[in-house]
Amino acid sequence: MDTETVILGGGISGIAANYFLGKDKAAIIYEQRDSMGGLCDNFSIGAFKFDTGIHLSFTSFKEVREVFDMTPYYTYSPEPMNYYKGLWLKQPIQNNLFPLTPEEKVKAVKDYIYKPVQADDFENYKCWLYSKYGKYITEHFFLPYTEKYWCERAENMETSWIGNRLYLPEIDEVLYGAMSSATPNRYYAQEMRYPKEGGYKAFLKPMLSKVNINLNKRAVKLDSSHKLVEFEDGSKVYYENLISSLPLPALIKIMKDVPSAVKEASENLSATSLILISIGLNVPQDESKSIWFYIYDKDFLPARAYYPGLKSKSNIPSHQSSLQFEIYYSRSKPLSMRKEALAEHLIRVIEKLKLANRKDVLFVDIKNIPYANVIFDKKLYFNRNLVRQYLNNLGIQSIGRFGEWDYLWSDQSFMSGKKAAEKLLNM
Ligand SMILES: Cc1cc2nc3c(=O)[nH]c(=O)nc-3n(C[C@H](O)[C@H](O)[C@H](O)COP(=O)(O)OP(=O)(O)OC[C@H]3O[C@@H](n4cnc5c(N)ncnc54)[C@H](O)[C@@H]3O)c2cc1C
């Protein structure tokens, strides 16, 4: 079979690529799963609906808003919380030290004032943290969280991913937040949006009816010299143009005759994987909670959690509620726990954090998501460039979070797919 344009992967980037190609180029998406959406997909357990991790939209891209805004949505002010040794601190921590003891506050503020001064070419993320927040805040909050979320030591990470993600307060803000809980919101986005019905994936719905997709098609071989893709079920497709949103290491693995330097570079790209733990609770949703929160204590495995029912009531049955936790692991920080032990750990976490009681737990669902975040280790750029250049030379457009191998939000992944479509249309 021949298709003018083959798109590998039916996440938001692949969907956007197909959507913007429109009818001008015959294009088909091939997705390995039995459902569209990739990381933007969701799943149901009885009347409970869960996304794949937190997922709220704060896009400012006009093109993304034009599609997302077709779906009725709620808006929220982002006010996440941080759990630390029995205390709940507002976000960002550095502006909201109020709940700490006076002794801790003195140390944190003093270290903030006397933080080491450094020029702007930071050797690594650890140096960046010490020079921006000082020793106390870095060591009690950022370093433990880095190991939980990035599964990497801060000294092994570079800093270009930070952008506006981490707030840099003035000293007045740090002092004020240490003395008062009435601090202004300093989150990097001012408004979060979420579909009223259908989970995060509903934002993709206007595109879904306009794209061609073949589900249950796992690409297992790519012969770029004959422009041929083979799938696990034995079927094949010849293409004129290829757009791939597969993770770079996964794509290189299925390709023929890859030079050893490129193969090695792809194998050295590191990413975190995600254990997603979704819990149904037989208690009504507490409306006073914040939608999501971060957990700093090393004894508790999850890095983050959120309440699906606070994003939309349509995610939970009436009089019941749910929570979803994220635990990250990687090649260099493996997690070897049986499902039963993980479920038990999570029940203890929700009891310790006083979120619910064991008797309220209706179910604990555990899923493994192989690719969650790319890890910004210091060799990332070298390895990524080598692989992407190789694909580029073969005329393969590699898109999305794991095709670009970058820390892309869903709107940026959308734009990545759109850009690939436009490139083809302009050829
Ligand atoms: C926990 C978490 C929370 C997030 N929260 C937010 C948020 O709040 N807001 C936001 O904007 N963004 C968020 N993101 C980012 C967002 O999910 C991604 O940017 C986006 O979904 C990536 O889309 P993609 O198409 O690039 O990749 P993916 O969604 O990973 O799509 C790739 C697709 O390729 C398929 N595939 C893989 N291998 C094969 C194969 N061999 N053959 C065929 N198909 C294959 C996969 O099944 C998948 O469907 C979050 C991400 C994570 C992990």
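Per chain, residue numbering runs from 1 following the sequence as it is written. Reporting of local features is limited, given that this is a predicted model, to residues whose pLDDT is at least 70; pairs of side-chain atoms are given and counted only at 80 or more, and all residues count toward the totals for whole chains, interfaces and linings.

## What to know about the packing of helix α8 (residues 260–267) against helix α11 (residues 380–393)
Move 1: Between N-to-C directions, angles span 0 to 180 degrees; the directions come from axes that are lines fitted to C-alpha atoms, helices contributing only their stretch in contact. Here a strand is any run of E in DSSP of at least two residues, a helix any run of H or I of at least four, and the numbering for each starts at the N terminus. Between α8 and α11, the shortest axis-to-axis distance is 8 Å and the interhelical angle comes to 130°. In terms of their interaxial angle, α8 and α11 are classed as oblique. With respect to the hand of their crossing, α8 and α11 are arranged in left-handed fashion. Contacts from Ala261, Val262, Ala265 and Ser266 of α8 reach α11 at Asn383, Leu386, Val387 and Tyr390. Any angle from 65 to 115 degrees is called roughly perpendicular, while one under 35 is roughly parallel, one over 145 is roughly antiparallel, and all others are oblique. Rotating anticlockwise by less than a right angle from the far helix to the near helix defines a left-handed crossing, while the corresponding clockwise rotation defines a right-handed one. Any pair of residues counts as being in contact when their C-beta atoms, constructed from backbone geometry, are within 7 Å of one another.

## Quick word on the packing of helix α1 (residues 12–21) against helix α13 (residues 410–425)
Between two packed helices, both the angle of their axes relative to each other and the distance between the axes serve to describe the pair.
Move 1: One can describe the packing of α1 onto α13 by two numbers: an axis separation of 7 Å at closest approach and a directional angle of 35°. Helix-helix and strand crossings are classified by hand; for α1 and α13 the assignment is right-handed. Contacts between α1 and α13 pair Ile12, Ser13, Gly14, Ile15, Ala16, Ala17, Phe20 and Leu21 from the former with Ser410, Ser413, Phe414, Ser416, Gly417, Lys418, Ala420, Ala421, Glu422, Leu424 and Leu425 from the latter.
Move 2: Of the residues contributing to the contact of α1 with α13, the split by class is 11 nonpolar, six polar and two charged. In this classification, Asp, Glu, Lys and Arg are treated as charged, Ala, Val, Leu, Ile, Met, Phe, Trp, Tyr, Cys and Pro as nonpolar, and every other residue, Gly included, as polar.

## Details of the site of the ligand
Move 1: Around the ligand, the structure places 36 residues, and the nearest of them are Gly9, Gly11, Gly38, Gly53 and Gly400.
Move 2: The set of elements that each furnish at least two residues to the shell around the ligand consists of α1, α12 (400–403) and α13. Being near a molecule or strand means, for a residue, that its backbone-placed C-beta atom lies within 6 Å of it.

## Focus: the environment of Ser270
Move 1: Residue position: Ser270 is located in the loop between α8 and β13 (271–281).
Move 2: Residues contacting Ser270, with those up to four places away along its chain left out, are Ser330, Arg331, Ile375 and Asp377.

## Examining the domain arrangement of the protein
Move 1: Here the bounds of each domain stem from an automatic or database domain assignment. Domain assignment breaks the protein into domain 1 (2–42 + 62–72 + 201–269 + 377–425), domain 2 (91–179) and domain 3 (271–374).
Move 2: Put simply, the middle of domain 2 and the middle of domain 3, counted by C-alpha atoms, are 26 Å apart.
Move 3: Listed as interface residues are seven residues of domain 2 and, on the opposing side, 10 residues of domain 3.
Move 4: Here the side of domain 2 that touches domain 3 is built from residues that sort into six nonpolar, no polar and one charged.

## Comments concerning helix α4 (residues 125–149)
Move 1: A helix is expected to reach a length of 1.5 Å times the quantity of its residues less one. Along its 25 residues, α4 runs just 14 Å from first to last C-alpha, ending more than 12% under the 36 Å computed at 1.5 Å per residue.
Move 2: Most pronounced at Gly134, the bend in α4 amounts to some 120°. Note on bend: the value at a residue is the angle between axes fitted to the seven residues ending there and to the seven starting there.

## Here we look at the nonpolar core
Move 1: A set of buried residues drawn from Ala, Val, Leu, Ile, Met, Phe, Trp, Tyr and Cys, joined through C-beta atoms within 7 Å, is what defines a nonpolar core. Counts of 20 or more other C-beta atoms within 10 Å of a residue's own C-beta define buried residues, counts of 12 or fewer define exposed ones, and intermediate counts define partly exposed ones; C-beta atoms are placed from the backbone. Core analysis: the largest hydrophobic core is formed by 108 residues, its most contacted members being Ile15, Ala16, Ala17, Ile137 and Leu323.
Move 2: With 10 residues, the single largest contributor to this core is α4.

## Description of the pairing of strand β7 (residues 87–90)
Move 1: Following DSSP output, two strands are said to pair if at least two bridges run between them. The pairing of strand β6 (residues 81–84) with β7 spans four bridges and is classified as antiparallel. Bridge pairing in β7 links Tyr83 to Trp88.
Move 2: Once β6 ends, the chain turns through two residues before running back antiparallel as β7, passing Lys85 with a positive phi of about 45°.

## Concerning the sheet that holds β13
Working definition: the strands of a sheet are paired by backbone hydrogen bonds and lie parallel or antiparallel to each other.
Move 1: Ordered in space as β7-β6-β14-β15-β16-β13-β17, the seven strands form an open sheet in which the pairing is mixed. Of all strands in the sheet, those bounded by a partner on one side alone are β7 and β17 (361–374). Between one strand and the next, the sheet's axes are offset by a mean angle of 25°, whatever the strand orientation.
Move 2: Bridge count for β6 against strand β14 (residues 292–295) is three bridges, and the pairing is parallel. The residue bridging Asn82 from the neighbouring strand is Tyr294, located in β14.
Move 3: Taken strand by strand, helix α10 (residues 339–352) contacts β13, β16 (321–329) and β17, and its axis lies near 105° from that of β17.

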